[in-house]
Amino acid sequence: MDEIQIASLLKSSELFPIPQSVKLSYGTAGFRGDAKLLESTVYRVGILSALRSLKLGSATVGLMITASHNKVSDNGIKVSDPSGGMLSQEWEPFADQIANASSPQELVSLIREFVEKEEIRIGEKKKSAEVWLGRDTRPSGESLLRAAEIGVGSVLGSVAIDIGVLTTPQLHWMVRAKNKGLKATESDYFENLSSSFRCLIDLIPSSGNDKLEISKLLVDGANGVGGQKIEDLRGSLSNLDLEIRNTGRDGGVLNEGVGADFVQKEKVLPLGFGSKDVGMRCASLDGDADRLVYFYIPSESSDKVELLDGDKILSLFALFIKEQLNILGDDKEGKQSRLGVVQTAYANGASTDYLRQLGLDVVFAKTGVKHLHEKAAEFDIGIYFEANGHGTILFSESFLSWLVSKQKDLMAKGQGGSEEHKAVCRLVAVCNLINQAVGDALSGVLLVEVILQHMGWSIQKWNVLYKDLPSRQIKVEVPDRTAVVTTSEETEALRPLGIQDAINSEINKYPRGRAFIRPSGTEDVVRVYAEASTQEAADSLANSVAQLVKSFLGSS
Ligand SMILES: CC(=O)N[C@H]1[C@@H](OP(=O)(O)O)O[C@H](CO)[C@@H](O)[C@@H]1O
Ligand SMILES: [Mg+2]
């Protein structure tokens, strides 16, 4: 790094002093916290993303300013790698180091060391970094975006491009498309969704089509960017009747009593929904629209919902994909195509049993989509979902090219209208529709809707694929959540010493009892998860484990 570069970093970093007493970690999904304290972090991640672009031959990197399901006064920042996936975990320690550097001098010396170690060449005329910046609808987004721009701009020869208010998955999709040399604007994204949705609709067997009249889907947009974008998309969709509520345009507050995280964790109606909606098919998006859950209201007398979470969406997708693969038979070079599913410890035990009964390969990953994505990518078709509704379906490059050549072969042999050809076309359309970069509530809604139409199923029919084991999640505020250290599967606590034995003896009191604790990577809490054969038992097990957490760690 030359003198001019050092001076540029020192000068810009003076603008963003780090607030006292913030200790940040890149966490499950980027940096998050009170928006008022984040300018220096966002500025520094701007620098990191420019370096990431330079390291990868000037490929476009994405920066998303969002705190997803957190309260509106929070914000956050996450990096999209050029592949459209999450920032490589190898760079996370550097992200942590620079976010916490206490002075401009320390910051610059950390950057200098890193740049030398990674052999990143800054300021070469032919190579400039390019970073695309997106943000959700939070009021703090605009000023944080300016901080990111200054960060990017302080790495010589780097360009920051503001691409506006977007959902997180839109940004990831656009970054991936750009680096693949494909059309990569927001309207290309919408066009891709509507055309592949249309294609799947056209491939619905006519008998299936008649079984279900197209009933209205009610969408809870979490008062965030997802509600607004799905409104934009609606015009280009046929065969789908959408009513969108909680768009944020009608005075509601982002994520307050609304949205996928609220509905999934509390299992109660979001604001804006009520007894008039009993029995209707409803979907809820989270604050940055990378999560999706479905629900319906079983009766007028209560505010409880029947939840169809990420596990149930995963099961629906797996069933549909498996049906298409069965039509194709075993002819991929004589081998069965490898279809696998990935879940986390939060997956409902009944869903895992169901998926295994379907004969699927079920593997487990740590919480956080970066972990699930990695495992899903090992299959020909890998479906991953967190119970909270974040997930997608990945098609390997080799499997996709096999499908495309099969499609051509069948056409050439005059078998264009065959069942086999239709199954291949459906799989190719699913691959186009469903976001290959990250979980995406918009593409997820479209795929659920077309599969329900294909099967001729109502939401109630879908819900009885299996019955969830009753479960309960609790957040416990403690003085220091990092005092909880878990095994790599996150199902057992290694620290504080003795807590796991105490948890085990609680679990043993309940038939089908299962419980675990882990520190959240996105909120300052320890999470407790419990499952048991009745709701009362699950609640009671969760409460006793929460009490244990408080007594071992103290309450804050
Ligand atoms: C139990 C739970 O829902 N955890 C969520 C939550 O992470 P935590 O590390 O548990 O706070 O936010 C992550 C990002 O959205 C998501 O990937 C994850 O599944
Ligand atoms: Mg989210």
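Here, every reference points to the structure presented above.
The sections below set out a description of the structure shown in this document. All values reported here derive from a predicted model rather than from experimental measurement. Each chain carries its own residue numbering, running from 1 in the direction its sequence is written. Both sets of labels track the order of writing: A upward for chains, 1 upward for ligands. Given that the model is predicted, a residue must reach a pLDDT of at least 70 before its local features are reported, and side-chain atom pairs must reach 80 or more before they are shown or counted; all residues, however, enter totals for whole chains, interfaces and linings. Side-chain metrics rest on all non-hydrogen atoms present in the structure, leaving aside hydrogens and water.

### Some points on the overall build of the protein
Right, so step 1: In this text, helices come from DSSP runs of H or I with a minimum length of four residues, and strands from runs of E with a minimum of two, each type numbered from the N-terminal end. The secondary structure content of the protein amounts to 19 helices and 19 strands.
Right, so step 2: C-alpha extents for the protein along the principal axes are approximately 70 × 65 × 50 Å.
Right, so step 3: Partly exposed describes any residue whose relative accessible area lies between the buried limit of under 20% and the exposed limit of over 50%, with all areas from a 1.4 Å probe on protein chains only and scaled to the type maximum. For the protein, the proportion of its 556 residues judged to be buried stands at 59%.
Right, so step 4: Contacts are residue-level and defined by heavy atoms, with any inter-residue pair within 4.5 Å sufficient. Counted over contacts in the protein with a minimum sequence separation of 6, partners at least 24 positions apart contribute 71%.
Right, so step 5: Here the accessible surface of atoms and residues is derived via Shrake-Rupley with a 1.4 Å probe, and residues count as covered only by protein chains that are part of the display. Only carbon and sulfur atoms are counted for the fraction: they give 50% of the accessible area of the protein, which is about 21,700 Å².
Right, so step 6: Taken as two groups, the 61 positive and 74 negative side-chain charges of the protein have centres that lie 2 Å from each other. For the purpose of charge, His is not counted, nor are the chain termini; Lys and Arg are scored as positive and Asp and Glu as negative. Charge placement uses NZ in Lys and CZ in Arg. For Asp and Glu, CG and CD serve respectively.

### Section: the sheet that holds strand 19 (residues 526–531)
Right, so step 1: Reading across the sheet, the three strands line up as 15-19-18 and stay open at both edges, with antiparallel pairing between neighbours. A strand with exactly one partner marks an edge of an open sheet, and here the two such strands are strand 15 (471–476) and strand 18 (514–519). On average, each strand axis in the sheet is tilted by 15° relative to the strand beside it, whichever way the strands run.
Right, so step 2: A pair of strands counts as paired when DSSP detects no fewer than two bridges linking them. Two elements, strand 15 and strand 19, share six bridges in a ladder whose sense is antiparallel. From the neighbouring strand, Ile474 faces strand 19, where its bridge partner is Val528.
Right, so step 3: Here the axes come from fitting lines to C-alpha atoms, over the contacting stretch only for helices, and the angles between their N-to-C directions go from 0 to 180 degrees. In the packing of helix 19 (residues 535–553) onto the sheet, the strands contacted are strand 15, strand 18 and strand 19, and the crossing angle to strand 15 comes to about 20°.

### Quick look at the side chain of Arg135
Right, so step 1: With respect to the element layout, Arg135 can be found in strand 4 (residues 130–135).
Right, so step 2: Its relative accessible area of 16% is what places Arg135 among the buried residues.
Right, so step 3: Residues contacting Arg135, with those up to four places away along its chain left out, are Met64, Ile65, Gly141, Glu142, Leu145, Gly164, Val165 and Leu166.

### Here we look at the sheet that holds strand 11 (residues 339–343)
Right, so step 1: The mixed open sheet is built from four strands, whose spatial order is 12-11-13-14. Of all the strands in the sheet, the pair left with one neighbour each is strand 12 (361–364) and strand 14 (391–395). Adjacent strand axes in the sheet meet at a mean angle of 20°, parallel and antiparallel pairs treated alike.
Right, so step 2: Two strands pair when backbone bridges link them, and strand 11 and strand 13 (residues 381–385) are joined in this way by four bridges, in the parallel orientation. Directly across from Val341, in strand 13, lies its bridge partner Ile383.
Right, so step 3: Relative to strand 12, helix 12 (residues 349–357) is tilted by about 145°, and along the sheet it contacts strand 11 and strand 12.

### So, the nonpolar core
Right, so step 1: With 81 residues, the main nonpolar core has Tyr294 and Trp462 as its most contacted residues.
Right, so step 2: The contacts of Trp462, once residues within four sequence positions are left out, are Tyr294, Leu308, Lys312, Ile313, Leu316, Val448, Leu452 and Trp457.
Right, so step 3: The nonpolar core is taken to be a set of buried Ala, Val, Leu, Ile, Met, Phe, Trp, Tyr and Cys residues, with the residues joined through side-chain atoms within 4.5 Å. One finds Ile65, Trp91, Val131 and Ala147 within the second-largest nonpolar core, a separate group that totals 43 residues.

### Regarding the pairing of strand 19
Looking down a regular strand, the side chains alternate between one sheet face and the other.
Right, so step 1: Counting buried positions over the six residues of strand 19 gives six, a clear majority of the element.
Right, so step 2: The side-chain alternation of strand 19 yields two buried faces, one formed by Val526, Val528 and Ala530 and the other by Arg527, Tyr529 and Glu531.
Right, so step 3: Between the antiparallel neighbours strand 18 and strand 19 lie six residues.

### Some details on the packing of helix 6 (residues 168–179) against helix 7 (residues 186–202)
Right, so step 1: Two numbers describe how helix 6 lies on helix 7: the axes approach to 10 Å, and their chain directions differ by 100°. As the angle between them shows, helix 6 and helix 7 are arranged roughly perpendicular. Here helix 6 contributes Gln170, Trp173 and Met174 to the contact with helix 7, which in turn contributes Glu186, Asp188, Tyr189, Phe190 and Asn192.
Right, so step 2: Under the grouping applied here, Gly and all other residues not named as nonpolar or charged are polar, the nonpolar ones being Ala, Val, Leu, Ile, Met, Phe, Trp, Tyr, Cys and Pro and the charged ones Asp, Glu, Lys and Arg. Residues belonging to the contact of helix 6 with helix 7 are distributed by class as follows: four nonpolar, two polar and two charged. If an angle is under 35 degrees, it is roughly parallel; if it is over 145, roughly antiparallel; if it lies from 65 to 115, roughly perpendicular; otherwise it is oblique.

### Regarding the coordination of the magnesium ion (ligand 2)
Right, so step 1: Only nitrogen, oxygen and sulfur atoms qualify as donors, and only when within 2.8 Å of the metal (3.2 Å in the case of Na, K and Ca); with water excluded, sites may look incomplete. Within the first shell, the magnesium ion (ligand 2) binds the protein through Ser68 (OG), Asp286 (OD), Asp288 (OD) and Asp290 (OD), at distances of 2.0 to 2.2 Å.
Right, so step 2: Mapped onto the sequence, the residues coordinating the magnesium ion (ligand 2) show the spacing S-x217-D-x1-D-x1-D. Linking Ser68 in the loop between strand 2 (60–65) and strand 3 (74–80) with Asp286 in the loop between strand 8 (281–285) and strand 9 (292–296), this pair joins segments that are 218 residues apart in sequence.

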